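# Residue-level structural notes
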Amino acid sequence: NFIATFELFQGSTGFRPKDWAVRVTPVFNYNLLSVRERGIVNVDVRNGTTRHDHQIAFQEMFVEKKLADVSRKFDFLSVRAGIQGFTSDFRGFIFSDNEPGIRFFGNFDNNQYQWNVAYFNLLEKDSNSGLNSFELRHRQVIIANLYKQDVFWKGYTAQISFHHDRDQAGTGDANGQQYDTNGFLVRPSKIGDVRSHNVSSYYLGWTGDGHIGRMNITHAFYQVFGKDTRNPLAGREVDINAQMAAAELSYDVDWWRPKVSVFYGSGDKRPRDGVATGFDSILDNVNFAGSGFSFFNRQGIPLTQTGVSINNRFSLLNDFRSSKTQGQPEFVNPGLFLVNAGVDMDVTPKLKAFVNVNYLWFVQTEPLQVALHQPNMRHEIGVDYSLGFVYRPFLNQNVILSGGIACLQPGGGLKDAQINETLYSSFFSATLTF
């Protein structure tokens, strides 16, 4: 990705918000994929095993205006309209993306409270780069949240939030079907009852982040309600009732920080009934339990012969989506329970290292059994080992070098899904900012 940002603004931003701003961020992308089998880079096997692709996208294009000062201490009310980045909680569990919309935001009580009220009309994503296209998705998202600093303890910030996802992406064309850039069907999912459907969901959440003395804490809990007009796996209209919970504790010991964390996304024990109890997000980009260094979080694992995935890239949820960005939320899924142990180390002022071990298993296996027509599947996904580093040679953000290696040793559940070998991955990235 080659990214250029152009911004014009007015205001002394050292101690108060901008009076107004205009920002445009075009992204020029080139990507290459090489695989060992035909029918992966494109639905047409005549396209071989290698794909070159490029795209120009706009990840930011907005205007911002401060509407009012609400106190003498520069508490403010502002509005931002256009394509903009927004993450709705501390770790990106529910929504984290760059989308067109309008957002009112500000603070009060000497910046002890911060708030956002936002409406987004989502765009289709390019299948290969994941960047914005110029086509609307038929999906709207409304978000409202409120942060309060120093709740109960100094240094701990609490947040409450509301999300509404109105996904009518099944109405993309006359047949209610959407194919990706490479000719694969992404809406509706190629699993169960392949008919167009709409999803309307409502999330209520409580999250927190900060420290209590020397103990660092992050936690989240979400309850989601709603309706899916025809869930593919259930083959009928379903009411949504699912939960997610996560917590991380860490402790600073000189130059290293040991940590433990748990993650729970509810699963659906009765896939064919009228209640969907498997948790799914809107567009998550999770920074938790090893984040982008772990195999399970970074790679995503396809489910054999179904056209959907057990989980998608940069997501922890086992949600059976055809694609995180182009597919629809699927609330009939097996769910996930994860236990993590890790350590973050400041090896030198320039070099950070991250070591994580995750143990994962399916909460319920009945959706897997229905999807694969296979009885008596086991719960264990496996053990995920990862090692990563971040190196800043000039002690600033101008050059950031990142890399990692990871492996996933499959447990009984993955072996029952015909994934028998240990899976490996490695990556290296260089971010250059001028």
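Residues numbered from 1 in each chain as written. Predicted model: local features only at pLDDT ≥ 70, side-chain atom pairs only at ≥ 80, totals over all residues. Heavy atoms only, no water.

### Quick look at the overall build of the protein
For the protein, the count of helices and strands is three helices and 23 strands. Its C-alpha atoms give the protein a radius of gyration of 22 Å, near enough to 22 Å, the size a compact globule of 434 residues would have. Along the three orthogonal principal directions, the C-alpha set of the protein runs to about 65 × 50 × 45 Å. Every one of the 434 residues in the protein was classed for burial, and the buried ones make up 51%. Entry remark: accessible area of the protein is about 20,100 Å², with carbon and sulfur atoms responsible for 57%. Looking at charge distribution, the protein has the averaged site of its 41 positive side-chain charges lying 3 Å from that of its 42 negative ones. (Helix = DSSP H or I, 4+ residues; strand = E, 2+ residues; numbered from the N terminus. Rg over C-alpha atoms; globule rule 2.2 N^0.38 Å. Buried < 20%, exposed > 50% of the residue type's maximum accessible area, 1.4 Å probe, protein only. Areas by Shrake-Rupley, 256 points an atom, 1.4 Å probe, with all protein chains shown as cover. Lys, Arg positive; Asp, Glu negative; His and termini not counted. Charge placed at Lys NZ, Arg CZ, Asp CG, Glu CD.)

### Some thoughts on the side chain of N128
Examined against the element boundaries, N128 turns out to sit in the loop between β7 (113-125) and β8 (132-148). A distance of 2.8 Å separates polar atoms of two side chains, one belonging to N128 and the other to N182. Those residues in contact with N128, other than ones at most four positions away along the chain, are N31, R51, D53, T181 and N182. (Polar contact = N/O pair within 3.5 Å; in protein donor to acceptor, adjacent residues only side chain to side chain. Contact = heavy atoms within 4.5 Å.)

### Description of the environment of A353
Mapped onto the fold, A353 is located in strand β20 (residues 351-361). Taking the C-alpha atoms as reference, A353 lies 38 Å from A81; in sequence the two are 272 residues apart. Ignoring any residue separated from it by four or fewer positions in sequence, one finds A353 in contact with V343, D344, M345, V347, G388 and F389.

### A few points about a nonpolar patch on the surface
Among the surface-exposed residues, L67, I102, F104, V117, Y119 and I142 lie close enough to one another that they form a single nonpolar patch of about 470 Å² accessible area. In this fold, Y119 is placed in strand β7. (Patch = residues over 30% accessible without salt bridge, like charges linked within 9 Å, V, L, I, M, F, W, Y side chains within 5 Å. Salt bridge = Lys/Arg side-chain N within 4 Å of Asp/Glu carboxyl O.)

### Quick word on unusual backbone geometry
The step from R187 to P188 runs through a cis peptide bond, and the omega angle for that step is -5 degrees. Checked against the element boundaries, P188 lands in the loop between β11 (185-187) and β12 (199-212). Phi at N110 takes a positive value of approximately 55 degrees, unusual for a residue other than glycine. Although it is not a glycine, F314 adopts a positive phi angle of roughly 60 degrees. As for its position among the elements, F314 is in the loop between β18 (309-311) and β19 (336-346).

### So, the environment of L77
You can see L77 is positioned in strand β5 (residues 76-87). Looking at L77, the relative accessible area reads 25%, which means it is partly exposed. A C-alpha to C-alpha distance of 25 Å links L77 and L122, two positions 45 residues apart in sequence. Leave out the neighbours within four places in its chain, and L77 touches K66, L67, A68, F105 and W115.

### Examining the pattern of salt bridges
Per the counting criterion, the structure on display carries 25 salt bridges. For R137, the salt bridge identified is with D167, shortest N-O distance 3.6 Å. On the criterion of sequence distance, the pair formed by R137 in strand β8 and D167 in strand β9 (residues 156-167) is long-range, its members being 30 residues apart. Each member of the pair, R137 as well as D167, carries the same accessibility label: buried. Its salt-bridge partner being R230, residue D193 comes within 2.5 Å of it at the nearest N-O pair. Of this pair, D193 sits in the loop between β11 and β12 while R230 sits in strand β13 (residues 215-231), and the two are 37 residues apart along the sequence. The partly exposed category is assigned to R230, whose relative accessible area is 25%.

### Here's the deal with the nonpolar core
Counting residues in hydrophobic clusters, the biggest one holds 56 residues, and the most contacted among them are F93, F263, F279 and L303. Every residue in contact with F279, bar those within four places of it in the chain, is listed here: I94, Y203, Y222, V224, A242, Q243, M244, G265, S266, L317, F331 and N333. (Core = buried A, V, L, I, M, F, W, Y, C linked by side-chain atoms within 4.5 Å.)

### Quick word on the pairing of β5
For strand β4 (residues 50-69) and β5, the ladder comprises eight bridges, and the chain directions are antiparallel. Residue pairing for β5: V63 is matched across the bridge by A81. Bridging between β5 and strand β6 (residues 96-108) involves 11 bridges; their strand directions are antiparallel. Bridging across to β6, A81 finds its partner in I102. (Pairing = 2+ DSSP bridges.)

### Observations concerning the environment of G208
Here G208 shows up in strand β12. On the basis of relative accessibility, which here comes to 0%, the residue G208 falls in the buried class. In sequence terms G208 and G327 are 119 residues apart; their C-alpha atoms lie 29 Å from each other. Filtering out sequence-adjacent residues up to four positions away, G208 remains in contact with F90, Y156, T157, A158, I217, T218 and H219.

### A closer look at the packing of aromatic side chains
For any pair of aromatic rings, the description consists of the separation of the ring centres together with the inter-plane angle of the planes. Counted by the stated rule, this structure contains 18 aromatic pairs. Consider the rings of F108 and Y113, whose centres lie 4.7 Å apart with planes at 5 degrees: the pair is stacked. For Y113, a relative accessible area of 23% puts it in the partly exposed group. The ring of F105 has R103 lying over it, and the distance from NZ or CZ to the ring centre is 4.4 Å. For the cation-ring pair, K148 lies above Y113, with the distance from its terminal atom to the ring centre recorded as 5.3 Å. (Phe/Tyr/Trp six-rings, centres within 6.5 Å; stacked < 30°, edge-to-face > 60°. Lys NZ or Arg CZ within 6 Å of the ring centre and 35° of its normal.)

It is worth stressing that arrangement in space is one thing and function is another; only the former is reported here.
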